[in-house]
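Chain by chain, the residues run as shown.
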Amino acid sequence: MKRRSLVSAAGLAVTVLASGSVWAQAYPNKTIKLQVPFAPGGTTDIVARVIAEPLGKVMGQSVIVENKAGGGGVVGASETMRAAPDGYSLGMATVSTTAANPAINPKIPYNVLTDFTPIINIAATPNVIAVHPSFPAKDYAGFLAELKKNPGKYSYASSGTGGIGHLQTELWKSLTGVFIAHIPYRGAGPALNDTVAGQVPIIFDNLPSALPFIRSGRLVPIVVAAPQRLAQLPNVPTFKEVGLEPVNRMAYYGILGPKNLPKEVVDKISEGVRKVLQDPAVSKRINDTGSLVVGNSPQEFAAQMKAEFEVYKKVVDQQKLKLD
Ligand code: GLU
């Protein structure tokens, strides 16, 4: 009796496994949602929209971008975490949602190391501190002197509480001893709008979203986070050059899904994205924003997310950074 039920339990397991893999082979057979956990106009949105259409062509099903902003990206990332692990609800993985916010926010509703399936890192992007043209300084030395002379007079815009813009600027503040107040937005898009309109004098942003405003003279770049000076901004020093290496970290933009995504599905998406990135027109669009194309494996991206989370955790602990 006991033996029979064991056999039938084993038989059932085999049937379920077989149908699971048949199902995964048929993937995708409907529209895939790619969620952006920030408002339109930010770098997450830019990278997602560069990838979505060609990825849809490669996958044989449309990939639609959906913005779900709030909480420094945590609202959208939590929705992706709770989605069915079927490959039809994917999300953009950003430094803010997978490293910075998990490191600083004790109330975050997910465990970044266990609640997601990392799929691929699409691009690495430099970051920039930029000011409105009415700001009295146009270079890093003048910027620092102006802020030191006037503690509390200025504020800065970021893509959201606990995000990379917030955390890196707080790190920069604690290393330089200046004080500027933080104004969080629902993404870099609205943060840029207010900075360009002159309502906030300073912004910490990822380069792709800020670059068009810098090129048109509506923002003045002060300092960048990048391994070396950027071809797009040859006169702007890196944080490393001004003696602030810990702030000299880039951002990443990738794709993840909820935990337990079947391997076949993960492989199909990651191979699909890699194929898209091999298209010179797509990689040119990404490079033109000042970003570097990455396209690594799911295992590499998982290791990178973990490493980045650990870097931010250390920064938060060492600098005793706290959410306001
Ligand atoms: N700063 C965010 C990040 O790198 C993205 C902001 C946005 O796309 O609006 O994670």
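About the thresholds
Residues numbered from 1 in each chain as written. Predicted model: local features only at pLDDT ≥ 70, side-chain atom pairs only at ≥ 80, totals over all residues. Heavy atoms only, no water. Near = heavy atom within 4 Å. Polar contact = N/O pair within 3.5 Å; in protein donor to acceptor, adjacent residues only side chain to side chain. Helix = DSSP H or I, 4+ residues; strand = E, 2+ residues; numbered from the N terminus. Nonpolar A, V, L, I, M, F, W, Y, C, P; charged D, E, K, R; others polar. Buried < 20%, exposed > 50% of the residue type's maximum accessible area, 1.4 Å probe, protein only.

*Asks:* I tried to follow the site of the ligand on my own but got confused; where do I start?
*Replies:* As a structural note, the neighbourhood of the ligand is formed by 13 residues, with Thr44, Ser96, Ala188, Asn206 and Tyr253 the closest of them. Taking Ala188, its main chain carries an N or O atom lying 2.6 Å from an oxygen atom of the ligand. In the model, an oxygen atom of the ligand is placed 2.5 Å from a nitrogen or oxygen of the Tyr253 side chain. Elements that contribute at least two residues to the shell around the ligand include exactly helix 2 (43–59) and helix 4 (95–104). Residues that form the shell around the ligand fall into these classes: five nonpolar, eight polar and no charged.

*Asks:* Would you explain unusual backbone geometry in this entry?
*Replies:* Glycine aside, residues mostly have negative phi angles, and peptide bonds mostly take the trans form. Cis geometry is found at the peptide bond from Tyr27 to Pro28, where omega equals -5 degrees. Despite not being glycine, Asn260 shows a phi value in the positive range, around 70 degrees. With relative accessibility at 60%, the residue Asn260 sits in the exposed group. Not every positive phi belongs to a glycine, and Lys320 is a case in point at roughly 50 degrees. Turning to its location among the elements, Lys320 is positioned in the segment after helix 11 (298–319). Judged by relative accessible area, which is 65%, Lys320 ranks as exposed.

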